[in-house]
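The chain contents come next:
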Amino acid sequence: MVGVVEALASSLFRAAVPNAAGLLNGKGSIFQRLDHMADLIVTAGFPDLRTTLGSQTWQRLLETWAARHVFTHNDGIVDEKYLIKVPGSSAQIGQRLVLTETVCRNALDDAKALCETLVDVLR
C-alpha cells in the first residue's frame, strides 16, 4: 500500500511540478514519509493534503504508516518510535502489534482516499 502511494505521488508530482527534480534533490524516499510528502506538495504551491483529507483520516494514515514500519523493520514488535507516532496506542514496547480486520479495512479506505486526493490536488 505504501509503495502504491509512493509511486503515484512521485509520478503525479514530477508531472505537475516543472522544477520537481530540484525540489526532490537529496530528499530520498520522501513520498514514503507522509508529513514530508505533504510539506513538499505545499512548498510546490498545492493544497495541503492534511487539510484536504481531514485530521482524523490523516492521523489514521500516520498510524498505518507507523504500523507498516513496525512490521517491515521490527518484525511486528512495538518500539518507542511507534509509540511516539501513535501516542494513543495501548501497545507497549516489546509487544507484538496486532491489527484487526477493522483497522486493515480502514487503512485501505484511507489509502484510497489519499490516492484520490493526490490525483485531485496534483492534476
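The text that follows walks through the structure, step by step, so that each part is easy to find. (Residues numbered from 1 in each chain as written. Predicted model: local features only at pLDDT ≥ 70, side-chain atom pairs only at ≥ 80, totals over all residues. Heavy atoms only, no water.)

Let's shift gears to helix α5 (residues 55-73). With 19 residues, α5 should cover 27 Å at 1.5 Å per step; its first-to-last C-alpha distance of 27 Å lies within 8% of that length. Restricting attention to buried positions, one finds in α5 the residues Thr57, Trp58, Leu61, Thr64, Trp65, Ala66, Ala67 and Val70. The secondary structure elements touched by the buried residues of α5 are α1 (2-16), α3 (34-43), α4 (49-53), α6 (80-85) and α7 (101-122). (Helix = DSSP H or I, 4+ residues; strand = E, 2+ residues; numbered from the N terminus. Expected span 1.5 Å × (residues − 1). Buried < 20%, exposed > 50% of the residue type's maximum accessible area, 1.4 Å probe, protein only. Contact = heavy atoms within 4.5 Å.)

Okay, the side chain of Thr64 next. Mapped onto the elements, Thr64 comes out in helix α5. Those residues within four positions of Thr64 in sequence are excluded, and the remaining contacts are Met1 and Ala107.

Where nonpolar side chains cluster on the molecular surface, the patch consists of Phe71, Leu99 and Val103 and spans about 230 Å² of accessible area. Structurally, the position occupied by Val103 is in helix α7. (Patch = residues over 30% accessible without salt bridge, like charges linked within 9 Å, V, L, I, M, F, W, Y side chains within 5 Å. Areas by Shrake-Rupley, 256 points an atom, 1.4 Å probe, with all protein chains shown as cover. Salt bridge = Lys/Arg side-chain N within 4 Å of Asp/Glu carboxyl O.)

Once that is clear, we can look at the side chain of Thr117. Among the structural elements, Thr117 can be located in helix α7. Note on Thr117: relative accessible area 9%, which makes it buried. Only 2.8 Å separates the side chain of Thr117 from the backbone oxygen of Ala113, close enough to count as a polar contact. In contact with Thr117, not counting residues within four places along its chain, are Leu49, Thr52 and Leu53. (Polar contact = N/O pair within 3.5 Å; in protein donor to acceptor, adjacent residues only side chain to side chain.)

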